[in-house]
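Below, each chain spelled out in residue letters.
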Amino acid sequence: MRSAAFDTSCSCFNTPLERHAAESAVAIQAKQLGLLRRGLKVAAYVPAGSEFSPWLLMLRAISGGVEVYLPQVPKRGRKLTFVRLDAKNRWKLGPQNILELQSGVPCSPRDLDIVFLPLLGFDSNLARLGQGGGYYDCTFEFRRWRRVWKKPRLVGLAFDVQHVEQLAVDTWDLRLDYILSGQRIWRNPNR
Ligand SMILES: Nc1nc2c(c(=O)[nH]1)N(C=O)[C@@H](CNc1ccc(C(=O)N[C@@H](CCC(=O)O)C(=O)O)cc1)CN2
Ligand SMILES: Nc1ncnc2c1ncn2[C@@H]1O[C@H](COP(=O)(O)OP(=O)(O)OP(=O)(O)O)[C@@H](O)[C@H]1O
């Protein structure tokens, strides 16, 4: 879901100190929810622009024995691949000038336990407004056809100010399981 009108650079956004406090608090929320247990395979992202930064969460995860993966945008199609972040990776600039891992140990989207996602906006139904590439919707489309919940769990990271009244959803739009803001936790009542 994309909205040209949604501008995350507006001055009502947080100060650097407030952003840091939220990003640090999200790492604690994730730990308390059991999303950073040793041995889990967890995907996050390299933040772009004013997106919520998951770096503190990733550092906490790695130091606690969690396997952390980052997305790679495919040359063709819209299905992301995920590569493990470790001390040996080389980096490259991907589309939208987002840093990506050049190579590394891959993980299929179905084998991930938790996916932390960036977003521009979200509503109380846990609908997500993304950058408009459709990559996350397409990659995790397989979750739509399930009656019983299975992994991966999808967790949006956002500042409170990114909460909006109601988003117009398309059939392909993902519903998230949780949204964490550091201050609040939004849970999907159907999961
Ligand atoms: N930090 C961060 N990483 C992320 C995402 C994100 O939203 N934030 N993504 C979230 O998905 C993926 C990258 N998002 C992308 C979004 C648009 C285009 C892009 O090239 N758009 C073209 C049109 C492409 C097309 O429609 O086929 C364009 O803008 O001209 C590429 C990557 C994976 N990594
Ligand atoms: N499951 C799918 N199958 C085919 N096309 C899809 C699917 N999901 C999304 N798309 C296509 O991707 C386009 C962009 O979708 P949308 O605007 O919802 O992306 P987004 O969620 O904002 O992006 P992103 O997940 O990359 O941040 C849509 O116009 C649609 O054509």
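Thresholds, definitions, all that
- Residues numbered from 1 in each chain as written.
- Chains lettered and ligands numbered in written order.
- Predicted model: local features only at pLDDT ≥ 70, side-chain atom pairs only at ≥ 80, totals over all residues.
- Heavy atoms only, no water.
- UniProt positions renumbered as here; feature names shortened; annotations may be inferred.
- Phe/Tyr/Trp six-rings, centres within 6.5 Å; stacked < 30°, edge-to-face > 60°.
- Helix = DSSP H or I, 4+ residues; strand = E, 2+ residues; numbered from the N terminus.
- Buried < 20%, exposed > 50% of the residue type's maximum accessible area, 1.4 Å probe, protein only.
- Lys NZ or Arg CZ within 6 Å of the ring centre and 35° of its normal.
- 1 Å grid on protein atoms, 1.4 Å probe; cavity = no way out; pocket = protein on both sides within 12 Å on 5 of 7 lines; lining within 4 Å.
- Contact = heavy atoms within 4.5 Å.
- Near = heavy atom within 4 Å.
- Sits in = over half its atoms within 2 Å of the grid points.
- Expected span 1.5 Å × (residues − 1).
- Arc of directions from axis to C-beta.
- Pairing = 2+ DSSP bridges.
- Axes fitted to C-alpha atoms, helices over the stretch in contact; angles between N-to-C directions.

Naming follows an unreviewed UniProt entry, where the protein appears as 5-formyltetrahydrofolate cyclo-ligase of Iodobacter fluviatilis. The UniProt entry for the protein carries the following comment under Cofactor (unreviewed entry): "Mg(2+)". UniProt, in the comment section headed Catalytic activity (unreviewed entry), describes the protein in these words: "(6S)-5-formyl-5,6,7,8-tetrahydrofolate + ATP = (6R)-5,10-methenyltetrahydrofolate + ADP + phosphate".

### Quick look at the packing of aromatic side chains
Working definition: an aromatic ring pair is given by the centre-to-centre distance plus the angle between the planes. One pass over the full model with this rule turns up 4 aromatic pairs. With 4.7 Å between their ring centres and 40° between their planes, F52 and F159 make a pair best called tilted. Highlighted residues: F52 in the loop between β1 (41-43) and α2 (55-63) and F159 in the loop between β10 (153-157) and β11 (178-180), separated in sequence by 107 residues. Grouping residues by exposure puts F52 and F159 together as buried. Judged by centre distance (6.1 Å) and plane angle (55°), the rings of F140 and F142 are tilted. We note that F140, like F142, is buried. One aromatic cluster is present, formed by F82, F140 and F142 through successive ring pairs. A cation over a ring is seen here: R110 above F142, with NZ or CZ 4.3 Å from the ring centre.

### Some details on the UniProt feature "binding site: ATP" (unreviewed entry) in the protein
In the numbering used here, UniProt assigns the feature "binding site: ATP" (unreviewed entry) to R128, L129, G130, Q131, G132, G133, G134, Y135 and Y136. Among the annotated residues just listed, those that line the largest pocket are R128, G130, Q131, G132, G133, G134, Y135 and Y136. If you trace the backbone, G133 turns up in the loop between β9 (128-129) and α3 (135-139). Position of Y135 relative to the elements: it lies in helix α3. Judged by relative accessible area, Y135 falls into the partly exposed class, the value being 29%. Sequence-distant contacts of Y135, defined by excluding residues within four places in its chain, comprise V73, P74, G77, R78 and L80.

### Things to note about the site of ligand 1
As a structural note, the neighbourhood of ligand 1 is formed by 16 residues, with V46, E51, Q96, Q131 and Y136 the closest of them. Placement of ligand 1 is best described as lying within the largest pocket.

### Things to note about helix α1 (residues 16-32)
Its 17 residues place the ends of α1 25 Å apart at the C-alpha level, agreeing with the 24 Å of an ideal helix rising 1.5 Å per residue. Within the sequence span of α1, burial applies to R19, A22, E23, V26, A27, Q29 and A30. The buried side chains of α1 occupy one side of the element, clustering within an arc of 165° when seen end-on. Opposite the buried face of α1, at more than 90 degrees from it, the exposed residues are L17 and Q32. At its buried positions, α1 is contacted by α2, β7 (114-117), β10, β11 and β12 (185-187). The first or second residue beyond α1 is G34, which carries a positive phi of 80°.

### Quick look at the sheet that holds β11
Pairing is mixed across the open sheet formed by 8 strands, whose spatial order is β6-β3-β2-β1-β7-β10-β11-β12. Lying at the two open borders of the sheet, with one neighbouring strand each, are β6 (106-107) and β12. Relative to strand β3 (residues 81-84), strand β2 (residues 67-72) runs antiparallel, the two being bridged by 4 bridges. Across the sheet, P71 pairs through a bridge with F82, a residue of β3. In the packing of α1 onto the sheet, contacts are made with β7, β10, β11 and β12, and the angle to β11 comes to roughly 145°.

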